[in-house]
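Listed below are the residues making up each chain.
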Amino acid sequence: MSDTPFGFGLPPEEPENGDEGKKKDQQSGGGQDPANPFGIGLPGFGGPGGPGADNPLAAMFGSLNPSDLGAAFQQLGQMLSFEGGPVNWDMAKQIARQTVSQGTADGVKDASVGAAERSAVEEAVRLADLWLDDATSLPSGSGSAVAWSRAEWVEATLPAWKELVDPVAERVGTAMGDVLPEEMQAMAGPLIGMMRSMGGAMFGTQIGQAVGVLAGEVVGSTDIGLPLGPAGKAALLPANIEAFGKDLGVPKEEVRLYLALREAAHQRLFAHVPWLRSHLFGAVDGYARGIKVDTAKLEDVVGQFDPQNPEQLQDALQQGMFQPEDTPEQKAALARLETALALVEGWVDAVVHAAAKPRLSSADALRETLRRRRASGGPAEQTFATLIGLELRPRRLRDASRLWASLTDARGVDGRDDLWHHPDMLPTATDLDDPDGFVHREQMDFSEWDKMLGEAAAGGSGEKPDLRKDEPKNDDKNSDDSE
């Protein structure tokens, strides 16, 4: 588990004036401390990691020119008047768009996607879907193919980020209001409201920073193993694909096609396994419910809070009072989510390799590049560790890929893909340790239950289904009951 599950922090940017800028930044309390769970920088006042980044009020009023005061008061008003939920998503969107406009660390700026790039993406996804027909029994899930700029990726994925992050932020925000005795809460209503508004703005700023940076790295809508974009819409980011393949020595067309295969494979899985999305997002919500806040520390902060010194709240939030405990509920939710993501990514890896290997000379090299990208802390690991405290284990992804490949050899494409029919049919974390044992284990046929339920709903009748698939005949099969 990440040490800073609510960090939302990003590495500080290098000051434009070198060492002198660093000194000034340190003197003003700037720079993003990885242990700072709510440190923020406001647009137009130093930015993330700039002067005052750890203190939003100091960032506004510490060293402003008179001409900036109007903007500062407007920003403060947005922070304190927000009442839309645990995260100020308007601010998150603003920060994400600003981060995207600044470009990536290599100096590449965002740009609108041209007609030629859109056509190339559409053709790559069309061809990818054709190749995948031989590698999986799941039909195409891509109703359309789109080419996004980074800003378009931000706009399209924010609803999914909201669903992922709100449960965590809500739990923290509730704790901020629950620390006061009930008889004092009415008296302290304005103070609690201000604290929650500031918390929502701080969450929004850090999420915006994280999503904005991620927009400069992802190559599609499913890079992190979750369906972040609209259903049925396969999306690729031409600018990021160009950067990804820059030093690989592989033709750009092959890089685009291989990444289109991965995007199209994800789309098939999420389109035709209807329970999968809620299963993954539900695990995040389960983790949020298990969060434990250090209420004793929070009570001290609220009891000593001085309205004339509002930056005191920011200082207190930097002390890590929202570090979660390793409760059994959290461990179970994280294990469930980690295993499910590993199975999704492992299936995509195995299916894409089967489709690409006979057709692309660079298939092996691209497969290994993507695996190493994940292992070295790619978008998935960094984002989940930042936003919900989850660190994916690359070893599990490789294990899952091997298991799916073994299932293909043993049961064929249809037998392998049938396991997605019900969550209880999928391999567990223990099965990833013993793939051969799972491959040759007798499986439950949940499709019979679905058939029976359908007949019952239609007024029909049927005998109790036999859920045992391919069970060897054995007159002594009940002998184990006595053991």
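Within each chain, residues carry numbers counting from 1 in the order of the written sequence. Local features in this predicted model are restricted to residues whose pLDDT is 70 or higher, and side-chain atom pairs enter the listing and the counts only when it is 80 or higher, whereas totals over whole chains, interfaces and linings include all residues. Working from all heavy atoms in the structure, the side-chain values ignore hydrogens and water.

**A short note on the overall build of the chain**
Okay, step 1: Strands here mean DSSP runs of E at least two residues long; helices mean DSSP runs of H or I at least four residues long; both are numbered from the N terminus. Scanning the chain for helices and strands turns up 20 helices and two strands.
Okay, step 2: The contact definition used throughout considers only heavy atoms, calling two residues in contact when any of these lie within 4.5 Å. Looking at the chain alone, contacts between residues at least 24 apart form 75% of all its contacts between residues at least 6 apart.
Okay, step 3: Each accessible area is a Shrake-Rupley estimate made with a 1.4 Å probe; only the visible protein chains count as cover when residues are assessed. Roughly 22400 Å² of accessible area belongs to the chain as shown, and the carbon and sulfur atoms make up 50% of that amount.

**Here we look at helix α10 (residues 252-272)**
Okay, step 1: Expected helix span is computed as 1.5 Å times (number of residues minus one). With 21 residues, α10 ought to run about 30 Å at 1.5 Å a step, and its terminal C-alpha atoms sit 30 Å apart, in line with that.
Okay, step 2: Taken across its 21 residues, α10 has 17 buried, putting it largely inside the fold. Each residue gets one of three labels from its accessible area relative to the maximum for its type: buried under 20%, exposed over 50%, partly exposed in between, using a 1.4 Å probe on protein chains only.

**Describing the environment of Lys252**
Okay, step 1: Relative to the helices and strands, Lys252 is located in helix α10.
Okay, step 2: Residue Lys252 is classed as partly exposed on the basis of its relative accessible area of 44%.
Okay, step 3: In this structure the C-alpha to C-alpha distance between Lys252 and Glu242, which are 10 residues apart in sequence, comes to 7.3 Å.

**Things to note about the pattern of salt bridges**
Okay, step 1: A carboxyl oxygen of Asp or Glu within 4 Å of a side-chain nitrogen of Lys or Arg is what we treat as a salt bridge. Counted according to the given criterion, the structure contains 22 salt bridges.
Okay, step 2: With a closest N to O distance of 2.9 Å, Lys162 and Asp166 form a salt bridge. Within this pair, Lys162 and its partner Asp166 are both found in helix α6 (residues 150-178), separated by four residues, close to a single helical turn.
Okay, step 3: Looking at Asp166, the relative accessible area reads 13%, which means it is buried.
Okay, step 4: Of the charged contacts in the structure, one is a salt bridge between Asp433 and Arg396, with a shortest N-O distance of 2.8 Å.

**Focus: helix α15 (residues 363-375)**
Along an α-helix, a turn takes 3.6 residues, which lines up residues three or four apart on a common side.
Okay, step 1: With 13 residues, α15 should cover 18 Å at 1.5 Å per step; its first-to-last C-alpha distance of 18 Å lies within 8% of that length.
Okay, step 2: Considered for burial, the residues of α15 that qualify are Ala363, Leu366, Arg367, Leu370, Arg371 and Arg374. Seen from one end, α15 has its buried residues packed into an arc of 135 degrees, which puts them on one side. Think of the arc as the fan of directions from the helix axis to the C-beta atoms.

**A word on the environment of Ser101**
Okay, step 1: Within the secondary structure layout, Ser101 lies in helix α4 (residues 89-101).
Okay, step 2: When the C-alpha atoms of Ser101 and Gly212 are compared, they prove to be 8.9 Å apart, with 111 residues separating the residues in sequence.

**Some remarks on the packing of helix α14 (residues 328-356) against α15**
Okay, step 1: Lines fitted to C-alpha atoms define the axes here, with helix axes fitted over just the stretch in contact, and angles between the N-to-C directions of these axes take values from 0 to 180 degrees. Following both chains from N to C, one finds α14 and α15 inclined at 165 degrees, their axes separated by 10 Å at the closest point. Between α14 and α15, the angle falls in the class roughly antiparallel. Considering how the two elements wind past one another, α14 and α15 form a crossing that is right-handed. Of the residues in α15, those in contact with Glu345, Asp349, Ala350, His353 and Ala356 of α14 are Ala363, Asp364, Arg367, Arg371 and Arg374.
Okay, step 2: Under the convention adopted here, Pro, Cys and the residues Ala, Val, Leu, Ile, Met, Phe, Trp and Tyr are nonpolar, Asp, Glu, Lys and Arg are charged, and Gly plus all remaining residues are polar. By residue class, the composition of the contact of α14 with α15 is three nonpolar, one polar and six charged. Roughly parallel here means an angle under 35 degrees, roughly antiparallel means over 145, roughly perpendicular means 65 to 115, and every remaining angle is called oblique. Crossing handedness is read from the near helix: turned anticlockwise from the far helix by less than a right angle, it gives a left-handed crossing, and turned clockwise, a right-handed one.

**As for the packing of helix α5 (residues 115-132) against α10**
Okay, step 1: As a packed pair, α5 and α10 sit with axes 8 Å apart at the nearest point and diverge in direction by 60 degrees. Relative to α10, the crossing made by α5 is right-handed. Each of Ala120, Val121, Ala124, Val125, Leu127, Ala128, Asp129, Trp131 and Leu132 in α5 lies in contact with α10, whose residues at this interface are Arg256, Leu257, Ala260, Leu261, Ala264, Ala265 and Arg268.

**Quick word on the side chain of Glu263**
Okay, step 1: By secondary structure assignment, the location of Glu263 is in helix α10.
Okay, step 2: In this charge count, Lys and Arg are treated as positive and Asp and Glu as negative; neither His nor the chain ends contribute. Look at Glu263: it is buried, it has no salt bridge, and the nearest opposite charge is Arg262 at 7.9 Å.

**Section: the nonpolar core**
Okay, step 1: Nonpolar cores are built from buried Ala, Val, Leu, Ile, Met, Phe, Trp, Tyr and Cys residues. Side-chain atoms within 4.5 Å join them into one set. Within the largest apolar cluster, 88 residues are counted, with the highest numbers of intra-cluster contacts made by Trp153, Trp161, Leu276, Leu280, Trp347, Trp404 and Trp420.
Okay, step 2: Among the nonpolar cores identified, the runner-up in size contains five residues, and Tyr287, Ala288, Ala333 and Leu334 belong to it.

**Things to note about the packing of aromatic side chains**
Okay, step 1: In summary, the pairing rule links any two rings of Phe, Tyr or Trp, Trp by its six-membered ring, whose centres are within 6.5 Å, and it sorts them by plane angle into stacked for under 30 degrees, edge-to-face for over 60 and tilted for everything else. Inspection of every chain in the model, using the stated rule, returns four aromatic pairs.
Okay, step 2: Ring centres 6.4 Å apart and planes at 85 degrees place the aromatic pair Trp347 and Trp420 in the edge-to-face group. One end of the pair, Trp347, is in helix α14; the other, Trp420, is in the loop between α17 (394-417) and α18 (429-433), with 73 residues separating them in the sequence.
Okay, step 3: We classify Trp347 as buried; its relative accessible area is 0%.
Okay, step 4: Taking 5.3 Å as the distance between ring centres and 15 degrees as the angle between the ring planes, the aromatic pair formed by Trp404 and Trp420 counts as stacked. Residue Trp404 is found in helix α17, and its partner Trp420 is found in the loop between α17 and α18; the two are separated by 16 residues along the sequence.
Okay, step 5: By relative accessible area, which is 0% here, Trp404 ends up buried.
Okay, step 6: In this structure an aromatic cluster arises from ring pairing among Trp275, Trp347, Trp404 and Trp420.
Okay, step 7: Here, over-ring charges are defined by two tests on the NZ atom of lysine or the CZ atom of arginine: distance to the ring centre within 6 Å, and angle to the ring normal within 35 degrees. Taking NZ or CZ as reference, Arg277 lies 4.2 Å from the ring centre of Phe281, over its face.

**Considerations on the environment of Gly85**
Okay, step 1: Relative to the assigned elements, Gly85 resides in the loop between α3 (69-81) and α4.
Okay, step 2: Given a relative accessible area of 36%, Gly85 falls into the partly exposed group.
Okay, step 3: In this structure, the C-alpha to C-alpha distance between Gly85 and Ala169, residues 84 residues apart in sequence, is 8.9 Å.

**Quick notes on the confidence of the model for the chain**
Okay, step 1: pLDDT measures the predictor's confidence residue by residue and takes values from 0 up to 100. Within the chain, residue pLDDT values average 73, and 57% of them lie at 70 or more.
Okay, step 2: Within the model, the stretch residues 317-322 combines pLDDT values under 50 with 22 contacts to residues more than four positions away or in other chains.
Okay, step 3: In this model, residues 460-483 is a region of pLDDT below 50 whose contacts with residues beyond four sequence positions or in other chains number 22 contacts.

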